[in-house]
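Listed below, chain by chain, are the residues.
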Amino acid sequence: MRKSFVLSALAGAVLLGAGGLAQAKLAGDPVAGEKIYNQQCVSCHGAEVFTRPDRRAKSQQDILIFAQQNCNRALKQPLSMKDLENVATYINNRYYKYAK
Ligand code: HEC
């Protein structure tokens, strides 16, 4: 009895976690994100990659995923998920302006 309760609670947590990821909107802090951007990102590229006509990120979530899976690996000290969300929020608010 007890065991199955624990299992279903776990399953619920996994579902909630997946739901959080699937949710498209970024809720980072753009002010913190701007600082991170100026310190960590501009060594390789400026905003031109965010505004080019064939830009790769097509949604808020894409921005975050691109930064996490490509750019973050190149950093000497990789950013936390929270900082990545902050910086993605800043970039979206300022350049991409995706609603979701
Ligand atoms: C080591 C170099 C490097 C660093 C540091 C770097 N990037 Fe990038 N980033 C790139 C390159 C190269 C591209 C372009 C890849 C391409 O042409 O597809 C890119 C592209 C991107 C894109 C996609 C642009 C598009 O086409 O929509 C985003 C978003 C992005 N970077 C975010 C960041 C953020 C946020 C940071 C700082 C945390 C960062 N990058 C730091 C190398 C870097």
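Residues numbered from 1 in each chain as written. Predicted model: local features only at pLDDT ≥ 70, side-chain atom pairs only at ≥ 80, totals over all residues.

A.B. asks: Can you break down the overall build of the protein residue by residue, with the values?
C.D. replies: The helix and strand inventory of the protein stands at five helices and zero strands. Along the protein, helices and strands appear, N-terminal first, in the series α-α-α-α-α. Among the 100 residues that make up the protein, the fraction classed as buried is 20%. (Helix = DSSP H or I, 4+ residues; strand = E, 2+ residues; numbered from the N terminus. Buried ≥ 20, exposed ≤ 12 C-beta atoms within 10 Å, placed from the backbone.)

A.B. asks: Can you lay out the site of the ligand for me, pointing to particular residues and giving the numbers?
C.D. replies: Close to the ligand lie 19 residues, the nearest being C41, C44, R55, C71 and A74. Looking at the shell around the ligand, the elements with two or more residues in it are α2 (30-41), α3 (48-51), α4 (60-69) and α5 (81-96). Ranked by the residues each element gives to the shell around the ligand, the list is headed by α4, at three residues. Classifying every residue of the shell around the ligand by side-chain character gives 14 nonpolar, three polar and two charged. (Near = placed C-beta within 6 Å. Nonpolar A, V, L, I, M, F, W, Y, C, P; charged D, E, K, R; others polar.)

A.B. asks: Please provide a residue-by-residue account of the nonpolar core, values included.
C.D. replies: Membership of the largest hydrophobic core is limited to 12 residues, which are L26, Y37, C41, A57, I63, L64, A67, L84, V87, A88, Y90 and I91. Mapped onto this core, the elements with two or more residues apiece are α2, α4 and α5. Dropping the residues within four chain positions of it, I63 is found in contact with A57, A88, I91, N92 and Y96. (Core = buried A, V, L, I, M, F, W, Y, C linked by C-beta atoms within 7 Å. Contact = placed C-beta atoms within 7 Å.)

A.B. asks: Any chance you could break down α2 for me, citing the residues and the numbers?
C.D. replies: Here α2 has its buried residues at G33, Y37, Q40 and C41. One face of α2 carries all of its buried residues, which in axial projection span an arc of 100 degrees. Turned more than 90 degrees off the buried face of α2, the exposed positions are V31, N38 and Q39. Check the buried side of α2 and you find it contacts α5. (Arc of directions from axis to C-beta.)

A.B. asks: Can you tell me about α4, naming the residues and giving the values?
C.D. replies: Restricting attention to buried positions, one finds in α4 the residues Q60, I63, L64 and A67. Burial along α4 is one-sided: seen end-on, the buried residues are contained in an arc of 95 degrees. As for α4, its buried residues are in contact with α5.

A.B. asks: Describe the packing of α4 against α5, with residues and values.
C.D. replies: One can describe the packing of α4 onto α5 by two numbers: an axis separation of 9 Å at closest approach and a directional angle of 130 degrees. With respect to each other, α4 and α5 are oriented oblique. The handedness of the crossing between α4 and α5 is right-handed. Between α4 and α5, the residues in contact are Q60, I63, L64, A67 and Q68 and L84, E85, V87, A88, I91, N92 and Y96, respectively. A class-by-class count of the residues in the contact of α4 with α5 yields eight nonpolar, three polar and one charged. (Axes fitted to C-alpha atoms, helices over the stretch in contact; angles between N-to-C directions. Parallel < 35°, antiparallel > 145°, perpendicular 65-115°, else oblique. Left-handed = near helix turned anticlockwise from the far one by under 90°.)

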